[in-house]
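Take a look at the letters that make up each chain.
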Amino acid sequence: MTIRYQRFTSKDIHCLIDLLNQANKVDQAGWFFSAKDIFEALEKEDPIPAHDRIWLIFQEDLLVGYYRLASEWIEDGLKTTCFGCVHPAYRQQGIGTHLLQHALARAAHYKSKQKLLNFQVPARRSVAGIYELCEQNGLSLLRQFTVLKRLTDLATPDCQTTWKGQIWPFDLSRDAANLLKAFLICFSNQLMSIELLQAEWK
């Protein structure tokens, strides 16, 4: 099998969106991206330049996979989240391994010397083989989420809670300390600070 890597350009947007839709039909992973989402992601400030954040994988002239990197500096190094998928008809052929190893290499290229690379893959169990792929490439399970969903055409049931709290829009200057405290309670193994919270909010 011969594959080639190619940096994403705007002319690739239609085939990329088609790949994402084909994968989501099978995986039901809930990754819905529009062309607007992709271009807005490339406009965000990021340690990795926009031209190196999205890579496409072709087998001959067919797009069979892609990945997108989203990064930020954290206290001990570079934190990079890798989104990606392989076309359902071309799985179990090693393309996912090629994709992940290429993404790791690109992210590592931008980390500072003597600093760590915190590389993360948001994986859904509905994507067959994704956990095994990550583990085979040295990643380990950090935390799990349960995603609940409901049909929007169903009537919303009455609220059963007796909670008497208040809900208001987040204000960085007023609420940052309390949000940081709640974050550290929920994610005790994660690094977070007021400075990182402020940077992420911006």
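Cut-off values and rules
- Residues numbered from 1 in each chain as written.
- Predicted model: local features only at pLDDT ≥ 70, side-chain atom pairs only at ≥ 80, totals over all residues.
- Heavy atoms only, no water.
- Phe/Tyr/Trp six-rings, centres within 6.5 Å; stacked < 30°, edge-to-face > 60°.
- Helix = DSSP H or I, 4+ residues; strand = E, 2+ residues; numbered from the N terminus.
- Buried < 20%, exposed > 50% of the residue type's maximum accessible area, 1.4 Å probe, protein only.
- Lys NZ or Arg CZ within 6 Å of the ring centre and 35° of its normal.
- Polar contact = N/O pair within 3.5 Å; in protein donor to acceptor, adjacent residues only side chain to side chain.
- Contact = heavy atoms within 4.5 Å.
- Core = buried A, V, L, I, M, F, W, Y, C linked by side-chain atoms within 4.5 Å.

S.K.: Residue-level account of the packing of aromatic side chains, with values.
M.R.: In the structure shown here, the tally under the stated rule is one aromatic pair. The interplanar angle of 45° and the centroid separation of 6.2 Å between the aromatic rings of Phe-8 and Phe-39 together place this pair among those described as tilted. Of this pair, Phe-8 sits in the loop between strand 1 (3–7) and helix 1 (13–27) while Phe-39 sits in helix 2 (residues 35–43), placing them 31 residues apart in sequence. Given a relative accessible area of 9%, Phe-8 falls into the buried group. Lying over the aromatic face of Phe-58, Arg-4 brings its terminal NZ or CZ to 4.5 Å of the ring centre.

S.K.: Can you tell me about the side chain of Asn-137, naming the residues and giving the values?
M.R.: With respect to the helices and strands, the residue Asn-137 is situated in the loop between helix 4 (130–136) and helix 5 (172–186). In terms of polar contacts, Asn-137 uses its side chain to reach the backbone carbonyl oxygen of Leu-133, at 2.9 Å. For Asn-137, the residues in contact, after removing those within four places along its chain, are Thr-97, Leu-100, Gln-101 and Leu-104.

S.K.: Explain the nonpolar core residue by residue, including any values.
M.R.: Formed by 23 residues in total, the largest nonpolar core has its most connected members in Ile-57, Tyr-67, Leu-69, Cys-82, Ala-103, Phe-119 and Ile-130. Put simply, the parts of the chain that give this core at least two residues each are strand 2 (54–59), strand 3 (62–74), strand 4 (77–86), helix 3 (95–110) and helix 4. Broken down by element, the residue count for this core peaks at six residues, all from helix 3. Counting residues in hydrophobic clusters, the runner-up holds 17 residues, among them Ile-17, Leu-42, Leu-56 and Phe-58.

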